[in-house]
Amino acid sequence: MADDKNPKIDAATGTQFKGHEWDGIQELDTPLPRWWLWTFYASILFAIGYVIAYPAIPMLNDYTRGMLGWSSRGALEQELAARADQVAPIHQAIAATTIEKLAGQPQLMQAAIEGGRAAFKVHCVQCHGSGAAGGKGYPNLNDDDWLWGGDLATIEKTLIDGIRNPGHDATRVSMMPAFGRDQLLTAPQVDDAVAYVRVASRQDKPSAAAQRGATLFADNCAVCHGTDAKGNRALGAPNLTDGIWLYGGDTESIHQSVWNSRQGVMPRWDDKLSPATIRMLAVYVHSLGGGEATLVEAAAAADNGVEGNVAQ
Amino acid sequence: MLMPTDTSDLYEKRKGVFPKAVDGFYRRLKWAIMVVTLGIYWVTPWIRWDRGPYAPDQAVLVDMANRRFYMFDIEIWPHEFYYVAGLLVMAGVGLFLVTSAVGRAWCGYACPQTVWTDLFQHVERFIDGDRNAQVRLAKARWTPSKLARRLAKWSVWLIIAFLTGGAWIFYFADAPTLQREFWSGTAAPVAYGTTALLTATTFVLGGFMREQVCIYMCPWPRIQTAMLDEKSLVVTYKDWRGEKRGSVKKAAAHPGEFGDCIDCDQCVAVCPTGIDIREGPQIGCITCALCIDACDKVMAQVGRPRGLIDYCTQDDADAEKQGAAPRPVLKTLLRPRTIAYLLVWSSIGAAMLFALGARTRLDIAAQQDRNPIFVTLSDGAVRNAYTIKIRNMETRPRPMTVRAEGLPGALLWTDAMAREQARATVDVTVPPDSVAKLRLYAAVPAAGPQRQDFRFVLTATDREGGTASEPARFERPQ
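Not measured: the values here are computed from a predicted model. (Residues numbered from 1 in each chain as written. Chains lettered and ligands numbered in written order. Predicted model: local features only at pLDDT ≥ 70, side-chain atom pairs only at ≥ 80, totals over all residues.)

**Student:** Can you help me understand the overall build of chain A in this one?
**Tutor:** If you tally the helices and strands in chain A, you get twelve helices and three strands. Against the globule reference of 20 Å for 312 residues, chain A gives a C-alpha radius of gyration of 36 Å, more extended than a compact globule. With the principal axes as the frame, chain A shows a C-alpha extent of 120 × 50 × 50 Å. By residue count, 26% of the 312 residues in chain A fall in the buried class. For chain A, the proportion of contacts with a sequence separation of at least 24, taken over those separated by at least 6, is 55%. (Helix = DSSP H or I, 4+ residues; strand = E, 2+ residues; numbered from the N terminus. Rg over C-alpha atoms; globule rule 2.2 N^0.38 Å. Buried ≥ 20, exposed ≤ 12 C-beta atoms within 10 Å, placed from the backbone. Contact = placed C-beta atoms within 7 Å.)

Below you can see the structure in the form of C-alpha cells.
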C-alpha cells in the first residue's frame, strides 16, 4: 500500500496512486463524481422502501410479507382469474350455441377447437392417447371410422352420456353376446364365423369354412352388423369390412371377440365437465381429421375454403 | 477502515461548465449537422410512402404489433432480422472507420448526447446570456428574477425534451393516427410511458448531466481510446508552437522567449466538457473542435497564423516538432487500416443490397404431425397430416397451389374440406403480407415404403408466378 503520509502522485493527472502495481501498470485513485454517491444513497432508500412494501426478509418459519401484501402465488392467481374472466364470454357463447350452429361460426369454432385441445389433454389422453390415436380397445379418433357416428352432434352425445356407463340410463348401450363362452355357438361354428369375417374384410380368400360361416353370420350376427357386415351405428356395431379394427383384425383377435365378446366402456362426462367443455371436446375430436360433416351448416363452412383458417 | 472525516478526495464535486458562444468553421459545421440530424429525427416518421392498400403508408415504420419493419421500399420480416444485424455491424465498422480516420467525430458532432446538449446550451444562452452572465447567475442568490429565468429555461428544455420523447413513438405506429390518439388520451399506455421516460432522460441528460455522461457514464470514450492510433486526427494543442505562454505585451517585450499561445483561456471557455485541451489528449475531449474556432479567432486578432489548436495526428505532431512537414490530409485519411475498414463496411453493404434484391417473396414450410404419425383410414389408405405455412411477402393477395411432388397417388385436402374433395393439388389464396397456415392431409394407398421422402411444391398462379418447395416425409404403418 502507498504510504498515506507521502502519497505518490501521477504526474499526468495529478491523481494519487492506489499503490497497486501489476507489471508496471498502476491504479489511480480517481475520485467518483459526487452525483454517483447520491444515486448510491437513493438506491439505499429505494431498498428500504422495497423491504417495507414487498416480501423480503426470511425468518425462521415465515418471512416478512410486506405492506402491499404481494406474493408470486397471489400474482399467479390474479392472472389465472383474469384469464378465466377473459375466456368466460367465449365459453358462455359456446355453451349457448347448439353444436350444429357452432359449425357456422368459424371464430367460435376455432376457440372451441383450442379449448377442446386443452381439455382433451387433461381428461381424455389416459385412454385415447395424447395424439388421440387410441390403442387396442380405445378408438383412434383421427380416422374416419366411427362406432356410433362421427358428426358433431353424435360425438357430443357420446361424450355427454358415455358408452356402457353403469347406472346411467341415457348412456349408449349395446351388448354383443359371448357366442363361445355362453355356448351360443360351438367351437367349430365360431371358427367358421371368424373365417367368414376374415373374408368379408378381404383379408382372406373365400374358403369352405367361410361359406359355412356366412350362414352362421346371417343367422347370428347380421341383426346388428348388417347383412353386408358393414355394421350399424345405431347399435354401435362396428363395420367388419373396413381396414380398421378396434381389437385387432387378425384371426386370433377376431376369435377372441366372437368367443368372449367385447364390452368397451367410456364414462359419461356430463357429471364431470361443463356443457361448454364437452362441446369444445366434441368439436376438437371432430376436427382431428375424421369428423363427418352431415350438417348443412358444416357443409357451408367447408365451402368457405381455407381463408377462414388463415392466421399470421 | 474508518470512514474518513473529509471525503473531498473520495468524491469529486461537480464543476460547473459554462461554455462560451463561439463562431467559426467547426461551429457552423456543428450547426449544419444539428439541423440535419434533428431534422431527420423529427421529420422521418411523417414521410408518407405508398405501398398499396394492404400495407401502411409510413416511409419508416417499426411495426412491433405486426412484426414488420418498413423503410421506404424495403420491408423486413422477423425472419430477416439479419438485415438489421447487418446494419448494426455496418454501424460498428463505420464507427471503427470514422474513429481511426478522424478520431471521436461521432462524439463531437453526431452523438445525440452532444446534439441535444448543444441545443440546450443555446437555449441557456438565449435566456441566461453568455458564459459570464451564466456564471454570475449560478452564483447569485435565489431572487424572483433568478427563479423566473430558471423556470423559463427549464420550461423550454422541457418542451424540447417532450418533443424529443414524443417524436420517438411515431416510429412505431402510424404517426398521424398516433398523434390524434395521443392528444385524445386513447393511445396505448406504452406510448405515454415511452414519451414520459424519454422526456425525462432528455431533460436530465441534456440539461443537467451533460459532460458527466461523456466522462463517467458512456463506455464509448474508453473504446474509442483503444481504436485511435498515431495516425488518427485528434484535436491537438501544438505545444511546441504555443509554449511558453505569454501575453502579446510580454512577447513584444521579450522577443523569442514566448510561444504563440497568449494564455487567453478562450479554448477553455468555449469547451462544452470544461477541459483544457492544452493538457494534451484526454478522455474528456469529445473533439467538438470548438476550441479550434476559438483559438483561430484569437490568432487572427493578434496577427499570428491559425491552427495553434488544430486537427492533427500524433505522427504529424511529432514530425512538426522536428520541423518536418506534416503528411497531406488525404494520405492521413487513406491508409491501409481505414481502407480495410472501408472495404469491410462497403462489402457488407453490397452483400446486404444483393441479398435484398435476390430474396424470395414467397415461401412454404411444412411440419408433419408427429402424434399420430399416420392414420389408417377405413378404406385402407394411409393418411399423414401436415401443418403448412405459406408466406406471402407481397402486399397483395396471391392465389397459389400446393402439390406433393414425388408421392404417387397422393390426394390432398385441408381440414376445412371433406375428404371427398381431395385432389392432387390444393388451392389457397394467401392474404397480402402474411403467413397462411393450413392443416393439410395427404392420403396415399397403403402399399408403399414405410418412409417416403417427397417435396411440397408451392406455385403462385397469378401473373407474376414464382415457386418454392419444402422437403417432407410420408410414413406408413409397418
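Back to the text.
**Student:** It is not clear to me how the overall build of chain B should be interpreted in this structure. Could you clarify?
**Tutor:** Check the secondary structure of chain B and you find 17 helices and 15 strands. Taking 478 residues into account, the globule formula puts the C-alpha radius of gyration at 23 Å, and chain B, at 33 Å, lies well above it. Expressed as lengths along the three principal axes of its C-alpha atoms, the size of chain B is roughly 115 × 60 × 60 Å. Here chain B holds 478 residues, and 28% of them are scored as buried. Across chain B, every contact between residues at least 6 apart in sequence was considered, and the portion connecting residues at least 24 apart equals 69%.

**Student:** Sorry if this is basic, but what is going on with the domain arrangement of chain B here?
**Tutor:** By convention, interface size is frequently given as the accessible area that disappears when the constituent parts associate. Residues and elements named next belong to chain B. What the domain assignment lists for chain B is domain 1 (25–226), domain 2 (231–327) and domain 3 (362–475). The gap between the C-alpha centroids of domain 1 and domain 3 is 49 Å. Listed per partner, the contact involves five residues of domain 1 and five residues of domain 3. (Domains from an automatic or database assignment.)

**Student:** Would you explain the interface of chain A and chain B in this entry?
**Tutor:** With 31 residues of chain A at the interface, the matching set in chain B holds 33 residues. Listed by contribution, the elements that provide at least two residues to the side of chain A that touches chain B are strand S3 (32–33) and helix H1 (34–53) of chain A. Broken down by element, the side of chain A that touches chain B gets its largest block of residues, three residues, from H1 of chain A. Note: S3 of chain A against strand S1 (residues 11–12) of chain B, two bridges, orientation parallel. Each residue of the ladder has a partner; that of Pro 33 of chain A, found in S1 of chain B, is Glu 12 of chain B. (Pairing = 2+ DSSP bridges.)

**Student:** For this particular structure, what's the right way to read the sheet that holds strand S2 (residues 60–63) of chain B?
**Tutor:** As a general point, the strands of a sheet are linked pairwise by backbone hydrogen bonds and lie either parallel or antiparallel. Residues and elements named next belong to chain B. Read across the sheet, three strands follow the order S2-S3-S4 without closing on themselves; strand pairing throughout is antiparallel. Unpaired on one side and paired on the other, S2 and strand S4 (74–76) mark the two borders of the sheet. In this sheet, adjacent strand axes meet at a mean angle of 10° when their direction is disregarded. Pairing geometry for strand S3 (residues 68–71) and S4, over three bridges, is antiparallel. Across the sheet, the residue bridging to Phe 69 is Ile 76, located in S4. (Axes fitted to C-alpha atoms, helices over the stretch in contact; angles between N-to-C directions.)

**Student:** Help me out: how do you make sense of the sheet that holds strand S12 (residues 425–430) of chain B in this one?
**Tutor:** Residue and element names in this part refer to chain B. Sheet architecture is open: four strands sit in the order S12-S10-S14-S15, paired in antiparallel fashion. The open sheet has two free edges, formed respectively by S12 and strand S15 (467–475), since each of these has just one partner strand. Geometrically, the sheet is characterised by an average inter-axis angle of 25° between neighbouring strands, direction not taken into account. Judged from the six bridges that link them, strand S10 (residues 398–405) and S12 form a sheet pairing that is antiparallel. Each residue of the ladder has a partner; that of Arg 403, found in S12, is Thr 425.

**Student:** Whenever I open this one, the packing of helix H2 (residues 72–96) of chain A against helix H11 (residues 275–286) of chain A confuses me. Can you help?
**Tutor:** Each pair of packed helices can be summarised by the angle the axes make with each other and by the distance between the axes. Residues and elements named next belong to chain A. The N-to-C vectors of H2 and H11 enclose an angle of 75°; their axes lie 8 Å apart at closest approach. Taken together, the axes of H2 and H11 lie roughly perpendicular to each other. Touching His 91, Ile 94 and Ala 95 of H2 are Pro 275, Ala 276, Arg 279 and Met 280, all from H11. The class makeup of the residues in the contact of H2 with H11 is five nonpolar, one polar and one charged. (Parallel < 35°, antiparallel > 145°, perpendicular 65-115°, else oblique. Nonpolar A, V, L, I, M, F, W, Y, C, P; charged D, E, K, R; others polar.)

**Student:** What am I meant to see in helix H6 (residues 152–161) of chain A here?
**Tutor:** The periodicity of an α-helix, 3.6 residues per turn, causes residues three or four places apart in sequence to face the same way. Here H6 of chain A has its buried residues at Leu 152, Ile 155, Glu 156, Thr 158 and Leu 159 of chain A. Along the axis of H6 of chain A, the buried positions cluster into a sector of 160°, meaning they face one direction only. (Arc of directions from axis to C-beta.)

**Student:** What is the right way to read H2 of chain A from this model?
**Tutor:** All names here are of chain A. Over its 25 residues, H2 extends 36 Å from the first C-alpha to the last, a length consistent with the 36 Å expected when each residue adds 1.5 Å. Val 87 marks where H2 bends most, by close to 35°; the proline Pro 89 follows one to four residues later. The buried fraction of H2 amounts to one of the 25 residues, a small share that puts the element mostly on the outside. (Expected span 1.5 Å × (residues − 1). Bend = angle between axes of the 7 residues up to and from the residue.)

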